[in-house]
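So the chains spell out like this:
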Amino acid sequence: MPEGKVLGKPVTRLEDQPLVTGRGRYVGDINFPHQLHMRIARSVHAHAEIRSIDTSRARALPGVFAVWTSDDIPEVGPVDFRADRASEVLKPYRQPVLARGRVRYVGDPVVAIFAEDAYVAEDAAELVDIDYSPLRIIVSADEDPGEFEPGRTTEAAFLTHTFGDVDGAFAKAHKVIELDLHTGRHSGVPLETRGAIGRYDAATDILELHGAAKVLHRNRDTLVNMLGCNPDQLHVHESHVGGGFGIRGELYPEDVLVLVAAKRLGRPVKWIEDRYEHLMCANQGREQHHLARVAVDKDGRILAMEDKIFHDQGGYVRTHGYNVANRTMCMLTGLYDVPAFRAVTHYRLTNKTPCATYRAPGRFESTFVRERLVDAVAAELGLDPVEIRRRNLIRPEQMPYKLEFDEANVENLEFDSGDYPLLFKKALDMFGWNTLQEELKRRRAAGEMIGAGMGLFLEEGGRGPSDGARIAVDSRGGVEVVTGGASLGQGFETAMAQICAEALGVDYRKIRVIHGQTDRIPYGIGAHATRATVLTGGAVHVTALAVRAKALDMASELLQLPVDSLEIVDGTVRQRSNPRGPTITLGDIAKRLAPGSKVLGGRQPGLWAEEFFNPKDTVFPYGVHLAVVKVDPGTGGVTVERFMVAYDVGRAVNPAMVEGQLVGGCLQGLGGALYEEFIYDDQGQPLAATLADYLLPTLGEAPDIEVLITEDAPSPLNPLGIKSAGEGGINGVGAAIAGAIGDAIGRPGAIRRMPVTPQRLRDILRADGR
Amino acid sequence: MSARVNLTLNINERDYAVSVEPRHTLADVIRDQCGLTGTHLGCEHGVCGSCTILLDGEPVRACLIFAVQCDGQEIRTVEGLSEGNELHPLQASFRDNHALQCGYCTPGFLMLAAGILERNPSISDEDLRDVLSSNICRCTGYANIVKAVRAAVAEMGRR
Ligand code: FES
Ligand code: FES
């Protein structure tokens, strides 16, 4: 790739000025005159029938404006799946916005209170009396399915992914190795809780949702179907967002409620979640039980993999349907060349918080399983963990590499590009893997429990279908880039400004990037599944080139110079061979292109363009995580001494931001590997419903994370070669940490469950008589 | 609900006359009545530190104190950190070292660091890490926050 002027540079972010001065505008900071505050009275039972609800005491409290149960909103259906995820079999399992007849997890919304003041609304919620009659509580996907409703079991789906001759491979295997593995329940837990404000303007008949994030246009489309209005009657607005990680910005019952209430009550309705609610109600993820096995030949080459998965979905099916289970299965073989594969998933509902996507959904889980299997094979055959991986990696000459599944309804994958052995080698070299082994040996001999582990993984991103952008230059040379993208704090504005600046020839700091406003652009892909930089970035690139072409065409006429002799530098057009010669600014060109201008000729008025970018297919970045950990045998505590992430991003738009994404993702992964877990008791009561119980890593737990960003395999599927970086930091962390702990305690296969809490590790050591 | 109390909060050298219920937290009053929304709430029970402000120069969690406890005391919030358009060295350093992503934790970290550095400008690296580990950031992995604070210490020493 040619060196860019601003593209590929670690420039400072456009976002930061308001954020460091306390002038950001998060949803909690937004207020409208005469707004009401919504508070939800939630189920305290994990599974129960609602016998009766008495709201009279709540209604009587001064300052309470309205109190709703599901009977007050019979016309509002359950929260729908995203348009592209609809699956008929799952529809009965969707979540109503207020519970109807049954509650299915602790935190299930039952009553909505609207009051003049947030404190009063909270008081009123405590005055609601709900009479429950308990039902059988299921807290694990391993349990036999129960009844979801009469005639429907809690096993909402049974899914299969297969290719190759699995039975044949297992029959002729040199060795078959089986593991029983669990990934614990985690979530993104952004520092800002959720929030939503509904506002209805009867004068224009427009309903507004503020506080939306991530996938604004898609959520608008789902909401208009649910509410029965037209897309131009519902404007969805993003403000600053305090972290997303996959869970923020999906549609939840509260988003629907503030809209319905704003319209019906005739006043803006504001809802801000508290942390306790967040930890019981926002999407969770990751909780799976895998019975996995692998068949290998005598050299450790994988002949087949097989996995039986119990996926714990929680109380309802939310916006993603069974997508996470599908991603788990289709990414399970990862970057290894596996000839035969079969995975089945029991997709089951339980009486816990519902689940959906959390950063690297299905991939964190499947990488843990795959890499545990590979480590177990190495231990069984007495092979070096590096060597066994080398033998099984897909080789660059096999690119593009296809995974074609037997099932007609399963999407085939094509890995676009990559040199996996090269990245693996670079990572090991930079980490000093070989000398490290010597050092570990010495320290072990001196009595330390210390070890190293690795996780190799594949990511995916930039999935289509398409995204557009509109770029306009005003008469003073200001550039506005309107996108349908979204920002969750990852530096979207800066990245888009860099891409536009590079193509158009302007200072990136003079560009204003609009995102997350459905009234500004009709379509938008949002920011999910690592799509933003690839798709919206692609759209901004092609659109900026179109504006450039229009500017140069006009300039060439005005300056009387051939188009191909011109360049644009800092917003001024000049002749490349004669920079001191005649020039014209983009602002002046915009003036000459105004409607009615004498020099307009046959051109469309205005210096602006609108273009779409349609990538052919998904891109597949890939990475390697390496870890060194030390175990305290007395306490079972684990200290991460070193951690490295090596990741091929195709091309980094802003290396500082890519590194920031990777380091932040890594630490989040370390949280999931070692500390974070949503635990429930056998009555389905959440035991980690405060940040004192759900343990987010602090600086005290954070190692200095080493980063290697490579650009060896730019994607051929988009003009900039970008593969994007949002999820590569977290994907392999569980696998690498599990491997390192196993190595440290001298039992390579011992770690079967994430997170590896001190108590679990003590249990393992104790079973060994240590 | 109890009767309202009238009091004066001195925030960033400006007096705000407010009428509060005794149960109103300082954070809520700063945000909702004084309109200074740079002080954020991440947990409302003293764990995350996003609500950190300076009370008579000491970093405190504004979600854990009631506004009525602060009558007449000197309060500083993130809005008071810069002087006009001139960023405080910590603010500039956070920007220059990419020490924020979503920015939600940032005001809390800035006030925590400002409070500590004013008290002890020559704080050791180890103590600095120790103090900074009392706030939570979910985005950055902390490395750049530490880097930014250290760079600001150096910059402030030069001034
Ligand atoms: S909001 Fe005060 S410590 Fe979290
Ligand atoms: S930057 Fe998002 S929580 Fe710190």
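None of the values given here were measured: they were computed from a predicted structure.

**Re the side chain of Glu 676 of chain A**
Note on placement: Glu 676 of chain A falls in the loop between α16 (655-675) and β30 (705-710). Given a relative accessible area of 0%, Glu 676 of chain A falls into the buried group. In this structure the side chain of Glu 676 of chain A is engaged in a polar contact, spanning 2.6 Å, whose partner is the side chain of Tyr 694 of chain A. Discounting residues that sit within four places of it in the chain, Glu 676 of chain A has contacts with Arg 185, His 186, Ser 187, Gln 668, Gly 671, Tyr 694, Leu 695, Leu 696, Pro 697 and Pro 755 of chain A together with Arg 138 of chain B.

**Details of the pattern of salt bridges**
All names here are of chain A. Summed over all chains, the structure comprises 74 salt bridges over all chains. The partner of Arg 42 in a salt bridge is Glu 254, and the shortest N-O contact between them spans 2.9 Å. Highlighted residues: Arg 42 in strand β1 (residues 36-42) and Glu 254 in helix α6 (residues 253-265), separated in sequence by 212 residues. Classification of Arg 42 by relative accessible area gives buried; the value is 12%.

**Quick notes on helix α17 (residues 733-744) of chain A**
Residues and elements named next belong to chain A. Here α17 spans 16 Å end to end across twelve residues, near enough to the 16 Å set by a 1.5 Å rise per residue. The buried fraction of α17 is high, at eleven of twelve residues. Buried within α17 we find Val 733, Gly 734, Ala 735, Ala 736, Ile 737, Ala 738, Gly 739, Ala 740, Ile 741, Gly 742 and Ala 744. Contacts made by the buried residues of α17 are with α9 (363-381), β20 (449-458), β28 (622-632), β29 (637-648), α16 and α18 (758-767). Of the residues one or two after α17, Gly 746 is the one with positive phi, at around 75 degrees.

**Structural notes on the domain arrangement of chain B**
Accessible area lost on assembly of the parts is the figure often given for the size of an interface. All names here are of chain B. Here chain B is partitioned into domain 1 (5-80) and domain 2 (89-158). For domain 1 versus domain 2, the distance between C-alpha centres works out to 21 Å. Contacts between the two partners involve 18 residues from domain 1 and, on the opposite side, 14 residues from domain 2. Summing both sides of the interface, domain 1 and domain 2 together bury roughly 1,300 Å²; the carbon and sulfur share of this comes to 56%. Where domain 1 meets domain 2, there are two salt bridges. We note a salt bridge from Arg 119 to Glu 58, for which the minimum N-O separation is 3.8 Å. Across the domain 1-domain 2 interface, the total number found is seven residue pairs in polar contact (both at pLDDT 80 or more). Among the secondary structure elements, those contributing two or more residues to the side of domain 1 that touches domain 2 are β3 (52-55) and β4 (58-61).

**Quick look at the nonpolar core**
Note that soluble globular proteins tend to have their nonpolar side chains buried in a common cluster. Phe 415, Phe 643, Ile 737, Ile 741 and Leu 761 of chain A together with Phe 94 of chain B are the most contacted members of the largest nonpolar core, which has 168 residues in total. Sequence-distant contacts of Phe 94 of chain B, defined by excluding residues within four places in its chain, comprise Val 20 of chain A together with Ala 99, Leu 100, Thr 106, Phe 109, Leu 110, Ile 145, Ala 148 and Val 149 of chain B. Counting residues in each nonpolar core, the second largest holds 50 residues, with Ile 584, Ile 589, Leu 717 and Leu 720 of chain A among its members.

**Describing the interface of chain B and chain A**
On the side of chain A, 52 residues touch chain B, which itself brings 45 residues to the contact. For the chain B and chain A pair, buried surface summed over both sides reaches about 3,900 Å², with 57% attributable to carbon and sulfur atoms. Inspection of the chain B/chain A interface yields three salt bridges. In this structure, Arg 23 of chain B engages Asp 123 of chain A in a salt bridge whose closest nitrogen and oxygen atoms are separated by 2.9 Å. If you look at where chain B meets chain A, you find 21 residue pairs in polar contact (both at pLDDT 80 or more). At the level of secondary structure, the elements contributing two or more residues to the side of chain B that touches chain A comprise α1 (26-33), α2 (89-96), α3 (106-119) and α4 (125-132) of chain B. If you tally residues by element for the side of chain B that touches chain A, the top one is α2 of chain B, at four residues. Per-class residue counts for the side of chain B that touches chain A are 19 nonpolar, 17 polar and nine charged.

**Comments concerning the sheet that holds strand β6 (residues 129-134) of chain A**
All names here are of chain A. As summarised here, the arrangement of the three strands in space is β4-β2-β6, forming an open sheet in which the pairing is antiparallel. The open sheet is flanked by β4 (102-103) and β6, the only strands paired with a single partner. Inspection of the sheet shows strand β2 (residues 48-54) paired to β4 by two bridges, in the antiparallel sense. Each residue of the ladder has a partner; that of Ala 48, found in β4, is Val 103.

**Quick word on the pairing of β28 of chain A**
All names here are of chain A. Most of β28 is tucked away: nine of the eleven residues are buried. Sheet analysis places β20 next to β28, joined by ten bridges and oriented antiparallel. Counted as the bridge partner of Gly 455 is His 625 from β28. As judged from the eleven bridges shared by β28 and β29, these two strands associate in the antiparallel manner. If you follow Lys 630 over to β29, its bridge partner there is Thr 639. Joining the antiparallel neighbours β28 and β29 is a turn of four residues, in which Gly 636 adopts a positive phi near 80 degrees.

Conventions we followed
- Residues numbered from 1 in each chain as written.
- Chains lettered and ligands numbered in written order.
- Predicted model: local features only at pLDDT ≥ 70, side-chain atom pairs only at ≥ 80, totals over all residues.
- Heavy atoms only, no water.
- Helix = DSSP H or I, 4+ residues; strand = E, 2+ residues; numbered from the N terminus.
- Buried < 20%, exposed > 50% of the residue type's maximum accessible area, 1.4 Å probe, protein only.
- Polar contact = N/O pair within 3.5 Å; in protein donor to acceptor, adjacent residues only side chain to side chain.
- Contact = heavy atoms within 4.5 Å.
- Salt bridge = Lys/Arg side-chain N within 4 Å of Asp/Glu carboxyl O.
- Expected span 1.5 Å × (residues − 1).
- Domains from an automatic or database assignment.
- Buried area = accessible area lost by both parts, 1.4 Å probe.
- Core = buried A, V, L, I, M, F, W, Y, C linked by side-chain atoms within 4.5 Å.
- Nonpolar A, V, L, I, M, F, W, Y, C, P; charged D, E, K, R; others polar.
- Pairing = 2+ DSSP bridges.

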